[in-house]
Structures are given as structure tokens and as C-alpha cells.
Amino acid sequence: MQKLEQIYEGKAKKVFKTDDPSLCIVDYKDDATAFNGLKKGPIAGKGVINNKMSNRLMKMLETKGVPTHFVEELSDRETLVKKVSIVPLEVIVRNIAAGSFSKRYGVDEGVKFDEPVVEFSYKNDDLGDPLLNTSHALALKLATKEEIDTIKTYALKINAILKAFWAECGVTLVDFKLEFGKTPDGKIILADEISPDTCRFWDSTTGEKLDKDRFRRDMGGVEEAYEEIMKRFAEHE
């Protein structure tokens, strides 16, 4: 597979064309951002951890009936994926109050929900990724009703699978962000990544944060947290 010109660079990844128009190569960076890019800095080794963890989790989800963009891991930082058009909806699934949910609604961090909460935000950096509901998404023509229903169904299924897996690792899956894409034939599949960048992981016993919150909140021990979550993942996959 030949890697051609770069077609996109985001906060954590670069995407390249290949000699197959239906496939792209994703290259994971060590760059970290928070608060919509207002805070920036490197996290050593993050790209390798995010690449490997995301790929293995996507393979796990594929075996349980969730279609993903994953094709093949090419190296520590590079992965071959199906080319998709990203649906401009960020999907956040929350099991426990934390982060922006706690600030927005005045709920103490750590409050467990009776049922998972699914939020949508408009994937638009210029607007600050505002929250929206299904009616907003339909009015803005970001997705069809059927596509939104499919995305929500997959999001809840992914949550159930990952929550159970991480519990085996002694980790509580607090919340996480997903992105979905459309294949040329219109099929909705999971894209982007699943990693300590996009998930909140708390140690099930101590409540210690093992994710990017350590970077966001200047808690220190960021690299160590990423390494610890990868270690537990590798022991239980």
C-alpha cells in the first residue's frame, strides 16, 4: 500500500491518501490539545498507545457486530482505514457525571446515572462544537433520522461492550466520545479512535484518573497514566 499526499491534519492525527481511493492511512501524533485547542502540548508515546489501543478495541467491536473503519495496523503509529465521509456529529456517551456535564448542569463529578446519557454536539471547531438535539441535527441536515437512530443504537451497544471489558481491567468507563462515518454506499460505521484521548478512565478502586484529564487539569503523571491504562488493556484483551 503506497502512502501518498496528506489530505487532513487534526489535533491528534494526520490522514494520507493511498494508491487505493477507498483506503486512507491514519498517522497518530503525540500532540495533545484540550478546551477546543486552547491548551496544547506533547504527551510522549501517546500516538503509539492510541493507535494500538484503538485498533484492538475496534477489532473487538467488529467481532460483536459493530462495523468500523479499521482495516490493518501498519506500524506503531500508522493504520490503514476505510475512507469515509465523517458525519459532523460528535457522540458522547456518559455513564457517570464528569467534565463538561458536571459544569453545565451543576452535578458533582462521580454521580452515577441510572441509564447511559447520549449527547450529540455539532462537529464544528469555529462554533466550539455546540450541543444539539436530533431536531437540530435534522434541521442542519447533518444526518437523516435513520442515520441518527443507527448512530445512537451503535453508541449504546459500544458502551455496553466497552464498559464490561474495562470493568475486567479494574477500570471504570466514565464517558467517551465517538465519531461515525459514511462509506460510499451510505453505510454508517465507527471511525476516528477509542483511546485515553477520547475516554474518561478511572481506577475502579481508587478513582484515580487514567486519561487526558491529567493533561487538561495539569495533574501531572500524564504519560504514566497512558502507560498504565495500556498495560491493563494488554493484560486483559
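Here, the structure is the one placed above.
A quick note: this is a predicted structure, and the numbers were derived from the prediction, not measured.

Trainee: I tried to follow the packing of aromatic side chains on my own but got confused; where do I start?
Mentor: Remark: the centre distance and the inter-plane angle together describe each pair of aromatic rings, the angle taken between the planes. Considering all chains together, one arrives at 7 aromatic pairs under this definition. With 6.4 Å between their ring centres and 15° between their planes, tyrosine 154 and phenylalanine 180 make a pair best called stacked. Placement of the pair is tyrosine 154 in helix α4 (residues 145–168) and phenylalanine 180 in strand β12 (residues 171–182), with a sequence separation of 26 residues. No difference in accessibility class separates tyrosine 154 from phenylalanine 180, as the two residues are buried. Taken together through their ring pairs, the aromatic side chains of Phe165, Trp166, Phe201 and Phe233 make up a single cluster. The side chain of lysine 3 reaches across the aromatic face of phenylalanine 16, ending 4.1 Å from its centre.

Trainee: Hey, could you run me through the side chain of threonine 79 in this one?
Mentor: Within the secondary structure layout, threonine 79 lies in strand β7 (residues 78–82). Note on threonine 79: relative accessible area 1%, which makes it buried. A polar contact of 2.7 Å, which involves the side chain of threonine 79, links it to the side chain of asparagine 55. When neighbours within four sequence positions are excluded, threonine 79 is seen to be in contact with Cys24, Ile25, Val26, Asn51, Asn55, Phe70, Glu72, Glu73 and Leu74.

Trainee: Hey, could you run me through the pattern of salt bridges in this one?
Mentor: Side-chain pairs of opposite charge can arise whenever the charged atoms involved come near each other. Inspection of the entire model under this criterion finds 29 salt bridges. In this structure, the salt-bridge partner of lysine 29 is glutamate 9, at a minimum N-O distance of 2.8 Å. You can see lysine 29 sitting in the loop between β3 (23–28) and β4 (31–34) and its partner glutamate 9 sitting in strand β1 (residues 3–9), a full 20 residues away along the chain. We classify lysine 29 as buried; its relative accessible area is 12%. The partner of aspartate 213 in a salt bridge is arginine 216, with the nearest N and O atoms 2.6 Å apart. Of this pair, aspartate 213 and arginine 216 both sit in helix α5 (residues 213–216), 3 residues apart, which is roughly one turn of the helix. Look at aspartate 213 and you get buried, because its relative accessible area is 0%. What makes arginine 216 partly exposed here is its relative accessible area of 22%. One network of salt bridges, with partners in common, ties together Arg94, Arg104, Glu109, Glu119, Asp175, Arg200, Lys209, Asp213, Arg216 and Arg217.

Rules behind the numbers
Residues numbered from 1 in each chain as written. Predicted model: local features only at pLDDT ≥ 70, side-chain atom pairs only at ≥ 80, totals over all residues. Heavy atoms only, no water. Phe/Tyr/Trp six-rings, centres within 6.5 Å; stacked < 30°, edge-to-face > 60°. Helix = DSSP H or I, 4+ residues; strand = E, 2+ residues; numbered from the N terminus. Buried < 20%, exposed > 50% of the residue type's maximum accessible area, 1.4 Å probe, protein only. Lys NZ or Arg CZ within 6 Å of the ring centre and 35° of its normal. Polar contact = N/O pair within 3.5 Å; in protein donor to acceptor, adjacent residues only side chain to side chain. Contact = heavy atoms within 4.5 Å. Salt bridge = Lys/Arg side-chain N within 4 Å of Asp/Glu carboxyl O.

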